[in-house]
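Breakdown of the fold
Residue strings, one per chain:
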Amino acid sequence: MATAVATAGAKTVKRDVPFSWSGMDKKGNRVSGKSLAPDESALRSELRRQGIAVSKIKKQSQAFKAGGKVKPEDIAVFSRQLATMLAAGIPLVQAFEIVGNGNDKPSMQKLILDIKADVEGGTSLHEALGKHPLYFDDLYVNLVEAGEQAGALETLLDKIATYKEKTEALKKKVKKALFYPAAVMVVAIVVTVILLIFVIPQFESLFKGFGAELPAFTQFVIDMSKGLQENGVFVAIVVAGAIYAFIYFKKRSKAMREWIDRVSLKVPIIGPILYKSAVARFARTLSTMFAAGVPLVEALESVAGATGNIVFENAVLKMRDEVATGQRLQRAMENTGLFPNMVIQMIAVGEEAGALDAMSGKVATFYEAEVDNAVDSMSSLLEPLIMAILGVLVGGLVIAMYLPIFKLGAVV
């Protein structure tokens, strides 16, 4: 589909705008979809070339055009749709056309149709995907390339789709584990700040007429309220600056990311979940790569980046170097001191039986279930802990404000 059209005698470029359309295909079936095109005439020409007799075209609002960001789960859905269509015998270009025009997210639709245009122009699928590294990493591209070379693209796409679905499901579980306590703590801090800035000063003006010395705890809370009112902007700037600096250096400093990843694995409750998640992703990626026929040394390089933790990434790269010199994978895993004994033994059995992909898949399934159970257990464990923290923060402020009232009778 054309993405830009030059106006007559000028160099002005028209941007794609979103349209919805309906019509009849070559077999007389009624079809409809959404597409991006410079104008209505360009879209009619493109649909006519595809054998679609257009009956209605309607320009969509710009909200459709905005489209939103392409997310990893969008790529997982796309992989499954493409694998299903190729398995059904639909040609690759036509499959891209169907999946692209049927997608409700314009940014994803544009990505799919861009890849389709490259494939239609004679570019191999893995090369077309490689032009979009933000959405298709080296692991994805390498697996597609292996499928093209082996003549089993639909089989490999099915494995990729399964891999993406399981890894995204695992990420969601880990995010759930981290989000719940973080969200509650943020709410607790916001409520505490609101009480200190807006509620405590009202009690302070009331206490001034008591004519008695305030309890130490009450005076401490009032002083804290005054300090926050006087220096609140400065405190907010310092906190925002600290958060920005943390994010900035985390993105740019490998040493800091490694330190954070290493420490996060040792954090109570959260650490074991992150550890099991990394083991599951290691095993799932290794299983998928090995099943695709990718050599072990090359597979380990892709596996390293897929673990999601620099500590595991460095360990897997060290394993790759040892395996490249003739060391067995089992021995290389033992030398890292990072993997559980059960995982090492199952990998050893897989090596001996020539079924490394199957055994790695079983390890991945086991640890994915472990992560799921750990997240559920953590939620049950954290609920009373979070309630206790909220009670201390909010209840402590309430008690501090009511302590002088208990002494009011003595003053009177």
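Keep in mind it's a predicted model, so treat the numbers as computed, not measured. (Residues numbered from 1 in each chain as written. Predicted model: local features only at pLDDT ≥ 70, side-chain atom pairs only at ≥ 80, totals over all residues. Heavy atoms only, no water.)

1. Describing the overall build of the protein chain
The number of helices and strands found in the protein chain is 17 helices and three strands. In terms of overall size, the protein chain is more extended than a compact globule, its C-alpha atoms giving a radius of gyration of 29 Å where 412 residues would be expected to give roughly 22 Å. Along the first, second and third principal axes, the C-alpha set of the protein chain runs to 95 × 65 × 40 Å. Across the 412 residues that make up the protein chain, the buried fraction comes to 40%. Long-range contacts, defined as pairs at least 24 residues apart, comprise 61% of the intrachain contacts of the protein chain with a sequence gap of at least 6. Summed over all atoms, the accessible surface of the protein chain reaches about 22000 Å², with 61% contributed by carbon and sulfur. For the protein chain, the separation between the mean place of its 47 positive charges and that of its 41 negative charges on side chains is 6 Å. (Helix = DSSP H or I, 4+ residues; strand = E, 2+ residues; numbered from the N terminus. Rg over C-alpha atoms; globule rule 2.2 N^0.38 Å. Buried < 20%, exposed > 50% of the residue type's maximum accessible area, 1.4 Å probe, protein only. Contact = heavy atoms within 4.5 Å. Areas by Shrake-Rupley, 256 points an atom, 1.4 Å probe, with all protein chains shown as cover. Lys, Arg positive; Asp, Glu negative; His and termini not counted. Charge placed at Lys NZ, Arg CZ, Asp CG, Glu CD.)

2. Structural notes on the environment of Ile310
Within the fold, Ile310 resides in helix H13 (residues 310-324). Classification of Ile310 by relative accessible area gives buried; the value is 8%. For Ile310 and Phe198, which are 112 residues apart along the polypeptide, the C-alpha to C-alpha distance reads 45 Å. Setting aside residues no more than four positions away along its own chain, Ile310 makes contact with Lys254, Arg257, Glu258 and Asp261.

3. Looking at the packing of helix H7 (residues 138-150) against helix H8 (residues 153-207)
Running from N to C, H7 and H8 cross one another at 155 degrees; their axes reach a closest spacing of 7 Å. By the criterion of interaxial angle, the relationship of H7 to H8 is roughly antiparallel. As for the relative orientation of H7 and H8, their crossing is right-handed in sense. Residues Leu139, Tyr140, Leu143, Val144, Gly147 and Glu148 of H7 pack against Leu153, Leu156, Leu157, Ile160, Tyr163 and Lys164 of H8. Here the contact of H7 with H8 is composed, by residue class, of nine nonpolar, one polar and two charged. (Axes fitted to C-alpha atoms, helices over the stretch in contact; angles between N-to-C directions. Parallel < 35°, antiparallel > 145°, perpendicular 65-115°, else oblique. Left-handed = near helix turned anticlockwise from the far one by under 90°. Nonpolar A, V, L, I, M, F, W, Y, C, P; charged D, E, K, R; others polar.)

4. Some points on the packing of helix H15 (residues 341-353) against helix H16 (residues 356-406)
Two elements in contact, H15 and H16, have axes whose closest approach is 7 Å; the angle formed by their N-to-C orientations is 155 degrees. Classified by the interaxial angle, the pair formed by H15 and H16 is roughly antiparallel. Like other packed secondary-structure pairs, H15 and H16 cross with a definite hand, here right-handed. Between H15 and H16, the contacting residues are Met342, Val343, Met346, Ile347, Val349, Gly350 and Glu351 on the first element and Leu356, Met359, Ser360, Lys362, Val363, Phe366 and Tyr367 on the second.

5. Side note on a nonpolar patch on the surface
Together, Phe234, Val235, Val238, Val239, Ile243, Phe246 and Ile247 line one region of the surface with nonpolar side chains, adding up to about 630 Å² of accessible area. Counting through the fold element by element, Ile243 comes out in helix H9 (residues 216-252). Its relative accessible area of 48% is what places Ile243 among the partly exposed residues. (Patch = residues over 30% accessible without salt bridge, like charges linked within 9 Å, V, L, I, M, F, W, Y side chains within 5 Å. Salt bridge = Lys/Arg side-chain N within 4 Å of Asp/Glu carboxyl O.)

6. Examining helix H1 (residues 40-49)
All of the buried residues in H1 are Leu43, Glu46 and Leu47. End-on, the buried residues of H1 take up no more than an arc of 95 degrees, which puts them together on one face. In the stretch just after H1, Gly51 is the one whose phi turns positive, near 85 degrees. (Arc of directions from axis to C-beta.)

7. Re the nonpolar core
Formed by 42 residues in total, the largest nonpolar core has its most connected members in Phe282, Met319, Leu329, Met333 and Phe339. Among the elements of the structure, H8, helix H11 (270-291), helix H12 (296-306), H13, helix H14 (329-336), H15 and H16 are those that each provide at least two residues to this core. For this core, the element with the most residues is H16, which contributes ten residues. Aside from chain neighbours lying at most four places away, what touches Met319 is Phe282, Leu300, Leu329, Ala332, Met333, Thr336 and Phe339. Val70, Met108, Leu111 and Val294 belong to the second-largest nonpolar core, a separate cluster that totals 35 residues. (Core = buried A, V, L, I, M, F, W, Y, C linked by side-chain atoms within 4.5 Å.)

8. Focus: the packing of aromatic side chains
The final tally for this structure, using the stated rule, is nine aromatic pairs. Look at Phe78 and Phe96: their rings are 5.9 Å apart centre to centre, the planes differ by 35 degrees, and that puts the pair in the tilted class. Taken together, the residues span a long stretch of sequence, with Phe78 in helix H3 (residues 72-87) and Phe96 in helix H4 (residues 92-101) at a distance of 18 residues. Accessibility classification places Phe78 together with Phe96 in one group, the buried group. Each ring, one from Phe78 and one from Phe136, has its centre 6.1 Å from the other, and the planes form 65 degrees; the classification is edge-to-face. In this pair, Phe78 sits in helix H3 while Phe136 sits in the loop between helix H6 (125-130) and H7, placing the two residues 58 residues apart along the sequence. This pair shows no difference in class: Phe78 is buried, exactly as Phe136 is. (Phe/Tyr/Trp six-rings, centres within 6.5 Å; stacked < 30°, edge-to-face > 60°.)

9. Description of a positive patch on the surface
A contiguous patch of positive charge, built from Lys69, Lys71, Lys172 and Lys175, is present on the exposed surface. Among the secondary structure elements, Lys172 is positioned in helix H8.

10. Here we look at the environment of Gly271
Here Gly271 lies in helix H11. Measuring from C-alpha to C-alpha, the distance between Gly271 and Asp261 comes to 9.6 Å, with ten residues separating the pair along the chain.

11. Describing helix H5 (residues 106-120)
End to end, H5 covers 20 Å across 15 residues, agreeing with the expected 21 Å (1.5 Å per residue, within 8%). Turning to H5, its buried residues are Pro106, Met108, Gln109, Leu111, Ile112, Leu113, Ile115, Lys116 and Val119. (Expected span 1.5 Å × (residues − 1).)

12. Comments concerning the side chain of Glu368
Residue placement: Glu368 occurs in helix H16. Among the residues examined, Glu368 registers a relative accessible area of 10% and is labelled buried. For Glu368, the contacting residues outside a window of four places in its chain are Lys166, Leu170, Lys173, Ala280 and Arg284.

13. Considering the side chain of Asp74
Tracing the backbone shows Asp74 in helix H3. Not counting chain neighbours up to four residues away, the residues in contact with Asp74 comprise Lys69, Lys105 and Met108.

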